[in-house]
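Structural description and commentary
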Amino acid sequence: MVEDVADAILSSRYFVALTGAGVSAESGIPTFRGKDGLWNKYRPEELANPEAFAKDPEKVWRWYAWRMEKVFSAEPNKAHFAFAELEKMGLLKTLITQNVDDLHERAGSKNVLHLHGSLRVVKCTTCKNSFEIENPPAVPPLPKCEKCGSLLRPGVVWFGEMLPPDILERAFREVEVADLIIVAGTSAVVQPAASLPLIVKRHGGIVIEINPAETPLSSIADYSLRGKAGEVMEEILQWIRKVLS
Ligand code: APR
Ligand code: ZN
């Protein structure tokens, strides 16, 4: 199966990828759903939405500062490095991710679309001020905008919020032209990300899923590789290197 996937990638015209929290699991970053997922311990309604932030900004900020700490101190894993290598080889055109960590970039990926924003970005709740951070803010006190004094918030997309329109537009354009997509580490239940692979499928493209578990995508995938993204992506990369050597 892995060699078929490697062949499919090598003969693809426009190969893209969609990743989810599962590709960062092997870097020690908890996923959201599944047995030890974040949404088992915390209620997303209490943390990852505008109403929760308005009600108790300190509680939400403390949770995000904890997640930032975990992400900023984590290292990319073999999955991140494999995607970056496939881009460097000119095979992977664009990597679309639902993840708010920067592990794809830190592994060397250049062309990354963050559908749900990034924990590296903090933005003002009032003016247009938005900037990247090296370290999580120490909360309390609540971080305030230097330009207008308003409360700052994490630069991520919360439940009920619009995705960044320009990024979403680009992601749809990518899957419109893609003839192959690898979907790795996502439960494929959150829209609009989950519909991106269906667009590739609809116009005759190949859908490859990498996930230890079944997902709603599994039934339409041309290949479903049941395994960890780090291991499977490494195997695919080895096959491709072997064919090209
Ligand atoms: N390799 C590949 N997949 C894995 C691994 C691994 N090592 N470990 C877990 N998985 C799979 C799980 O089986 C699951 O299908 O990763 C998936 C993680 O699913 P979620 O936790 O739902 O994460 P994701 O799909 O990225 O969530 C989408 O939901 O909460 C929102 O905005 C948040 O971007 C997130 C979105
Ligand atoms: Zn401001």
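This write-up is about the structure you can find in this document. These numbers were taken from a predicted model, which means no experiment stands behind them.

Thresholds, definitions, all that
- Residues numbered from 1 in each chain as written.
- Chains lettered and ligands numbered in written order.
- Predicted model: local features only at pLDDT ≥ 70, side-chain atom pairs only at ≥ 80, totals over all residues.
- Heavy atoms only, no water.
- Buried < 20%, exposed > 50% of the residue type's maximum accessible area, 1.4 Å probe, protein only.
- Helix = DSSP H or I, 4+ residues; strand = E, 2+ residues; numbered from the N terminus.
- Contact = heavy atoms within 4.5 Å.
- Polar contact = N/O pair within 3.5 Å; in protein donor to acceptor, adjacent residues only side chain to side chain.
- Phe/Tyr/Trp six-rings, centres within 6.5 Å; stacked < 30°, edge-to-face > 60°.
- Donors = N, O, S within 2.8 Å, 3.2 Å for Na, K, Ca; no water.
- Near = heavy atom within 4 Å.
- Areas by Shrake-Rupley, 256 points an atom, 1.4 Å probe, with all protein chains shown as cover.
- Nonpolar A, V, L, I, M, F, W, Y, C, P; charged D, E, K, R; others polar.
- Pairing = 2+ DSSP bridges.
- Axes fitted to C-alpha atoms, helices over the stretch in contact; angles between N-to-C directions.

**Notes on helix 7 (residues 78-88)**
- Along helix 7, the positions that sit buried rather than exposed are Ala79, His80, Ala82, Phe83, Ala84, Leu86 and Glu87.
- Turning to helix 7, the residues buried within the fold contact strand 1 (15-19), helix 2 (22-25), strand 2 (92-97), helix 8 (103-106), strand 7 (180-184) and helix 11 (229-244).
- One side-chain oxygen at the N-terminal end of helix 7 lies 2.7 Å from the backbone nitrogen of Ala79; it belongs to Asn77.
- A positive phi of about 80 degrees marks Gly90, the residue just after helix 7.

**Some points on the packing of aromatic side chains**
- Taken as a whole and judged by the stated rule, the model has 8 aromatic pairs.
- Residues Tyr42 and Trp66 carry aromatic rings whose centres are separated by 6.1 Å and whose planes lie at 50 degrees to one another, so their mutual orientation is tilted. Residue Tyr42 is located in the loop between helix 3 (38-41) and helix 4 (44-47), and its partner Trp66 is located in helix 6 (residues 57-72); the two are separated by 24 residues in the primary sequence.
- Look at Tyr42 and you get partly exposed, because its relative accessible area is 27%.

**Points about the coordination of the zinc ion (ligand 2)**
- Surrounding the zinc ion (ligand 2) are the protein donor atoms Cys124 (SG), Cys127 (SG), Cys145 (SG) and Cys148 (SG), at 2.3 Å.
- Spacing between the donor residues of the zinc ion (ligand 2) along their common chain follows C-x2-C-x17-C-x2-C. Note that Cys124 is positioned in strand 4 (residues 117-124) and Cys145 in the loop between strand 5 (130-132) and strand 6 (152-156), a separation of 21 residues in sequence.

**A short note on the site of ligand 1**
- Taken together, 21 residues lie around ligand 1, and Phe32, Arg33, Thr186, Ser187 and Asn211 are the ones closest in.
- One nitrogen or oxygen atom from the side chain of Thr186 is found 2.7 Å from an oxygen atom belonging to ligand 1.
- Relative to its unbound accessible area of 730 Å², ligand 1 is 89% covered by the protein chains.
- For the shell around ligand 1, the residue count by class is 9 nonpolar, 9 polar and 3 charged.

**Remarks on the sheet that holds strand 4**
- If you trace the 3 strands from one edge of the open sheet to the other, you get 5-4-6, paired in antiparallel fashion. Both edges of this open sheet fall to strand 5 and strand 6, since each of them pairs with a single strand only. Direction aside, the axes of adjacent strands within the sheet are offset by 35 degrees on average.
- For strand 4 and strand 5, the ladder comprises 3 bridges, and the chain directions are antiparallel. Along strand 5, the bridge assignment pairs Val122 with Phe131.
- Helix 6 rests against strand 4 and strand 6 of the sheet, and its axis sits at about 140 degrees to strand 4.

**Let's talk about the pairing of strand 4**
- Taking burial as the measure, the 8 residues of strand 4 include 7 buried ones, the bulk of the element.
- For strand 4 and strand 6, the ladder comprises 4 bridges, and the chain directions are antiparallel. Counterpart to Lys123 in the pairing with strand 6 is Arg153.
- What sits between the antiparallel neighbours strand 4 and strand 5 is a turn of 5 residues.

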